[in-house]
Amino acid sequence: MVMNRREFIERSGCFALGFLAARSDFTGTSLNGLFLNEQEEYGYGPLRKDRKKVLDLPKGFSYKVISKGGDKMDDGFYVPYLHDGMGAFPGPDGLTIILRNHEYRFGNPDWVGPFKGKKKLWEKLDKDLIYDTYPEGKPLLGAVTTLVYDTKKKKLISQHLSLIGTLNNCSGGATPWATWISCEETCENSGDVCLRNHGYAFEVPASVNPGITKPVPLKAMGRFTREGVAIDPKTNIIYQTEDKTDSLFYRFIPNNPEGLTEGGKLQCLAVVGKPQLDMRNWKVQRIAPGEVFDVYWIDLENPDADEDDLRLRGYAKGAARFGSEEGVFYHDGAVYFVCTNGGTDAKGQIWRYFPSSYEGKPQEKDSPGRLELFVEPNDPKILDHPDQMTVAPWGDVFICEDGNDDQYLVGITQQRQFYKFARNALDDSELAGVCFSPDETTMFVNNLKSGMTFAITGPWTKE
């Protein structure tokens, strides 16, 4: 959800079946066929209070703060604050490479960026490596950093700046070809404040070698208030979410997956036989969890428009409308995505899309993809404004909340059973950027407000 994050910034100036614990005494609460057990039957047991008052976790799990805002990095720059979306990749010698967004917005103080407000630091940079600046020449501070982590030794090896000069780098997505796509959650136009348009995706290689990527906006993928992307490795089609209360769900069919600057086709999702279907369920639950729709895809022209109107043009052509899409992740033949404001009380939904066996090909009209409302509990005690997400290698969905009270990391099994996995015990910030190491031993997650990245280990159960 965008609201709490923006409130903070204003104040500061700135994959498979779910697993079950081995218990037989079910005493949970049922709501719309979904269960949240007070004794965490479907998870890892009750949360235990952290003596350091940072992160509450179940018994047997522990966290380590592996990176903090303000730490000096190996390239001489500083870890920016506002830690947001992340992706993890296999590196050499069993190492894990993590790429992390930093959601700088206009109004944030300079010290939240990688230069700590020091002009002499940004003046070291080749200007071709800075996407955009203020009129006076100071770089915009939206960024991506790269962390190299050893999961066996539980040790951070290095970290460096890998993208700079962007804006509102919220979430993104990992590609099968070992790059991170960082997304700008804005449609800021060039003018008095900045020199270039924003609202793009940028691709950053996952590399242990220090260096800043030359920023190239992927304009054919569309210019809109983008939240995240997920890629189907079978087709290399890129699915994209949009963080607006009247958002569309997009897909991009690249001409060359490993050369995204070479263009492709941008489309938006529509429901067969039900043009302009409202998927939000606001006030009245017209769509029930488990309900499935056949879909088709509408071509979108002029993806790099000056106006933020892609969603309006797509809706006029019959596209389905969603409520503030956030995290998105591909797992085991399905694309899961979050709508933080969906549901009768606008507390959140999770959808999943099953691509056609002919996805992106002419034959898909005879064998269309299917869209299912996965969960919509309509109870903030179960799920309160879901935001970023991942799917564990063994199939459980993990959701970062951005709600109004305590901020949890919520687990959901494939049987649609809910449990609390972690609680932010430090402050009122959302958790963000949840992802797993390639060796499946470690969960990484951020505290956005305090600028911390955690590595969580413990008895992950796999079926």
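Residues numbered from 1 in each chain as written. Predicted model: local features only at pLDDT ≥ 70, side-chain atom pairs only at ≥ 80, totals over all residues. Heavy atoms only, no water.

Trainee: Just checking my understanding: could you explain the overall build of the protein for this structure?
Mentor: Along the backbone of the protein there are three helices and 28 strands. Over its C-alpha trace the protein gives a radius of gyration of 21 Å, about what one expects of a compact globule, namely 23 Å for 463 residues. Principal axes of the C-alpha set define a box for the protein whose edges measure 60 × 55 × 45 Å. Here the protein has roughly 17,600 Å² of accessible surface; of this, 48% comes from carbon and sulfur atoms. One way to put it: in the protein the 54 positive side-chain charges average out to a point 4 Å from where the 66 negative ones average out. (Helix = DSSP H or I, 4+ residues; strand = E, 2+ residues; numbered from the N terminus. Rg over C-alpha atoms; globule rule 2.2 N^0.38 Å. Areas by Shrake-Rupley, 256 points an atom, 1.4 Å probe, with all protein chains shown as cover. Lys, Arg positive; Asp, Glu negative; His and termini not counted. Charge placed at Lys NZ, Arg CZ, Asp CG, Glu CD.)

Trainee: What's the story with empty space enclosed by the protein in this structure? I'm lost.
Mentor: The method is simple in principle: a probe with the dimensions of a water molecule rolls over the atoms, and the space it marks as empty is what remains. Approximately 30 Å³ is the volume found for the largest cavity. Per-class residue counts for the lining of the largest cavity are four nonpolar, one polar and three charged. (1 Å grid on protein atoms, 1.4 Å probe; cavity = no way out; pocket = protein on both sides within 12 Å on 5 of 7 lines; lining within 4 Å. Points joined across faces, edges and corners; volume = space filled by probe spheres on them. Nonpolar A, V, L, I, M, F, W, Y, C, P; charged D, E, K, R; others polar.)

Trainee: I tried to follow the sheet that holds strand E8 (residues 142-150) on my own but got confused; where do I start?
Mentor: The pairing of strands in a sheet comes from backbone hydrogen bonds and takes either a parallel or an antiparallel form. Taken in spatial order, the four strands make up an open sheet running E6-E7-E8-E9, and their pairing is antiparallel. Pairing within the sheet leaves two strands with one partner each, and these edge strands are strand E6 (83-90) and strand E9 (155-166). Going across the sheet, the axis of each strand differs from the next one's by a mean of 20°, ignoring polarity. (Pairing = 2+ DSSP bridges. Axes fitted to C-alpha atoms, helices over the stretch in contact; angles between N-to-C directions.)

Trainee: How do you make sense of the state of the cysteines when you look at a structure like this?
Mentor: Covalent bonding between the sulfur atoms of two cysteines is what defines a disulfide. Per the stated rule, a full pass over the model turns up zero disulfides. This cysteine, Cys-268, is not joined by any disulfide, and Cys-339 carries the nearest cysteine sulfur, 15 Å off. Summary of cysteine pairing: Cys-435 is not part of a disulfide, and the nearest cysteine sulfur, belonging to Cys-400, is at 9.6 Å. (Disulfide = S-S within 2.5 Å.)

Trainee: In this structure, what is going on with the packing of aromatic side chains? I would like to understand it.
Mentor: This structure, assessed with the given rule, holds 31 aromatic pairs. Taking the centre distance of 5.6 Å and the plane angle of 80° together, the rings of Phe-398 and Phe-421 count as edge-to-face. With Phe-398 in strand E23 (residues 397-401) and Phe-421 in strand E25 (residues 417-424), this residue pair connects regions lying 23 residues apart in the sequence. Among the aromatic residues, those joined into a ring-pair cluster are Tyr-44, Phe-61, Trp-394, Phe-398, Tyr-419, Phe-421, Phe-436 and Trp-460. Over the face of the ring belonging to Tyr-134 we find Lys-138, whose NZ or CZ atom lies 4.7 Å from the ring centre. Here the basic side chain of Lys-420 rests over the ring of Tyr-408, its NZ or CZ set 4.5 Å away from the ring centre. (Phe/Tyr/Trp six-rings, centres within 6.5 Å; stacked < 30°, edge-to-face > 60°. Lys NZ or Arg CZ within 6 Å of the ring centre and 35° of its normal.)

Trainee: Would you explain the pattern of salt bridges in this entry?
Mentor: Pairing between side chains of opposite charge can happen when their charged atoms approach one another. In the structure shown here, the tally under the stated rule is 17 salt bridges. A network of salt bridges, in which partner residues are shared, links Lys-244, Asp-246, Asp-308 and Arg-311. (Salt bridge = Lys/Arg side-chain N within 4 Å of Asp/Glu carboxyl O.)

Trainee: Can you walk me through a positive patch on the surface in this structure?
Mentor: Taken together, Lys-72, Lys-116, Lys-118, Lys-120 and Lys-124 make up a surface patch of like positive charges. Within the secondary structure, Lys-124 is located in the loop between helix H2 (119-122) and E8. (Patch = residues over 30% accessible without salt bridge, like charges linked within 9 Å, V, L, I, M, F, W, Y side chains within 5 Å.)

Trainee: Teacher, can you tell me more about the pairing of E9 here?
Mentor: Each regular strand shows side chains that alternate between the opposite faces of the sheet. In terms of residue burial, E9 counts as a mostly covered element, since nine of its twelve residues are buried. Hairpin connection, E8 to E9: the antiparallel pair is bridged by four residues, and Lys-154 has positive phi, about 55°. (Buried < 20%, exposed > 50% of the residue type's maximum accessible area, 1.4 Å probe, protein only.)

Trainee: Help me understand the side chain of Thr-453 in this model?
Mentor: Residue position: Thr-453 is located in strand E28 (residues 452-457). Residue class for Thr-453 comes out buried when judged on its relative accessible area of 0%. At 2.8 Å, the side chain of Thr-453 forms a polar contact with the side chain of Arg-100. Discounting residues that sit within four places of it in the chain, Thr-453 has contacts with Lys-64, Val-65, Ile-66, Ser-67, His-83, Met-86, Arg-100, Val-445 and Asn-446. (Polar contact = N/O pair within 3.5 Å; in protein donor to acceptor, adjacent residues only side chain to side chain. Contact = heavy atoms within 4.5 Å.)

Trainee: Explanation requested: the side chain of Asn-169 in the structure shown.
Mentor: Turning to its location among the elements, Asn-169 is positioned in strand E10 (residues 169-174). In terms of polar contacts, Asn-169 uses its side chain to reach the side chain of Ser-182, at 2.9 Å. Non-local contacts of Asn-169, meaning those with residues more than four positions away in its chain, are made with Asp-84, Asn-101, His-102, Glu-103, Gly-142, Ala-143, Val-144, Leu-163, Ser-182 and Cys-183.

Trainee: Is there a simple way to think about the sheet that holds strand E17 (residues 292-299) in this case?
Mentor: Taken in spatial order, the nine strands make up an open sheet running E13-E14-E15-E16-E17-E21-E20-E19-E18, and their pairing is antiparallel. Among the strands making up the open sheet, the edge pair consists of strand E13 (226-231) and strand E18 (325-331). In this sheet, adjacent strand axes meet at a mean angle of 30° when their direction is disregarded. Alignment of E17 against strand E21 (residues 370-375), held across three bridges, turns out to be antiparallel. By the bridge assignment for E21, Val-292 is matched with Glu-372.

Trainee: Got a minute to help me understand unusual backbone geometry in this structure?
Mentor: One non-glycine residue, Asn-302, adopts positive backbone phi at about 50°. Residue placement: Asn-302 occurs in the loop between E17 and helix H3 (310-316). When its relative accessible area of 47% is taken as the criterion, Asn-302 is described as partly exposed. Not every positive phi belongs to a glycine, and Arg-416 is a case in point at roughly 70°. By the secondary structure assignment, Arg-416 is in the loop between strand E24 (408-412) and E25.

Trainee: Help me understand the pairing of strand E7 (residues 96-102) in this model?
Mentor: When you tally the buried positions in E7, you get seven out of seven residues, the bulk of the element. The two faces of E7 match: Thr-96, Ile-98, Arg-100 and His-102 on one face and Ile-97, Leu-99 and Asn-101 on the other face are all buried. Pairing of E6 with E7, which is carried by six bridges, proceeds in the antiparallel orientation. Looking across to E7, one finds that Pro-90 is bridged to Thr-96. Linking E6 to E7, which pair antiparallel, is a turn of five residues; within it Asp-93 sits at a positive phi near 55°. Bridging between E7 and E8 involves seven bridges; their strand directions are antiparallel. Counterpart to Leu-99 in the pairing with E8 is Thr-146.

Trainee: Looking at this structure, I do not really get the confidence of the model for the protein. What am I missing?
Mentor: Do not read the fine detail of predicted coordinates wherever pLDDT is low. Residues with a pLDDT of 70 or more make up 91% of the protein, whose mean pLDDT is 91. Here residues 1-35 is a poorly scored stretch, pLDDT under 50, and it has 115 contacts once near neighbours within four places are set aside; other chains count. (pLDDT = per-residue confidence, 0-100.)

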